[in-house]
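Understanding the architecture of this molecule
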Amino acid sequence: QVQLVESGGGLVQPGGSLRLSCAASGTIFSIYAMSWYRQAPGKQRELVATATSDDRTNYADSVKGRFTISRDYAKATVYLQMDSLKPEDTAVYYCNAQITTKAIQIWTDDYWGQGTQVTVSS
């Protein structure tokens, strides 16, 4: 069983910073990509940032220049450094990982963390 555990969420003032962490554990052969999603009340879940196994990254337009995604391969962990936070960034942030659990597995399966609340308010 694969588990993703997030940490680092909380309350911060506009213009402040937070760093989210997500560690994958369990039976894992390979992690091909790790991503951060977020969902605000009344909105659909949206992709915030993705980091692939070759260190390519992709960001939503709303966070470009403010957020940075990175991976620690040895720790099977993905980080999201969030700077210059805005009230619009308030949401539950979810970690996602595309993982194979066996060497013979062809396609990845998606795994999700339980979410961590980020609130940006003065």
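Attention in this report is confined to the structure presented alongside it. (Residues numbered from 1 in each chain as written. Predicted model: local features only at pLDDT ≥ 70, side-chain atom pairs only at ≥ 80, totals over all residues. Heavy atoms only, no water.)

What follows deals with the overall build of the chain. When helices and strands are counted, the chain shows 0 helices and 11 strands. N-terminal to C-terminal, the α/β element order of the chain is β-β-β-β-β-β-β-β-β-β-β. At 14 Å, the chain has a C-alpha radius of gyration in line with the 14 Å of a compact globule built from 122 residues. When its C-alpha atoms are laid out on the principal axes, the chain stretches across 50 × 25 × 25 Å. Burial status across the chain gives 42% buried among its 122 residues. When contacts within the chain are restricted to residue pairs at least 6 apart in sequence, those whose partners lie at least 24 apart make up 55%. A total of about 6,800 Å² of accessible surface is found on the chain, and carbon and sulfur atoms cover 48% of it. Across the chain, the 11 positively charged side chains and the 11 negatively charged ones have centroids separated by 1 Å. (Helix = DSSP H or I, 4+ residues; strand = E, 2+ residues; numbered from the N terminus. Rg over C-alpha atoms; globule rule 2.2 N^0.38 Å. Buried < 20%, exposed > 50% of the residue type's maximum accessible area, 1.4 Å probe, protein only. Contact = heavy atoms within 4.5 Å. Areas by Shrake-Rupley, 256 points an atom, 1.4 Å probe, with all protein chains shown as cover. Lys, Arg positive; Asp, Glu negative; His and termini not counted. Charge placed at Lys NZ, Arg CZ, Asp CG, Glu CD.)

Counting residues in each nonpolar core, the largest one holds 32 residues, and the members touching the most others are Trp36, Val48, Phe67, Ile69, Leu80, Met82 and Tyr93. Contributions of two or more residues to this core are made by β3 (18-25), β4 (30-39), β5 (46-52), β7 (67-72), β8 (77-82), β9 (91-100) and β11 (116-120). At 5 residues, β9 tops the list of elements feeding residues into this core. When near neighbours in sequence (up to four residues on either side) are disregarded, Leu80 contacts Leu18, Arg19, Leu20, Trp36, Val48, Ala49, Phe67, Thr68, Ile69 and Tyr93. (Core = buried A, V, L, I, M, F, W, Y, C linked by side-chain atoms within 4.5 Å.)

Another point: the sheet that holds strand β1 (residues 3-7). Taking strand neighbours across the sheet as the criterion, the 4 strands line up as β1-β3-β8-β7 in an open arrangement whose pairing is antiparallel. Single-partner strands in this sheet number two, and they are β1 and β7. Adjacent strand axes in the sheet meet at a mean angle of 15 degrees when their direction is disregarded. (Pairing = 2+ DSSP bridges. Axes fitted to C-alpha atoms, helices over the stretch in contact; angles between N-to-C directions.)

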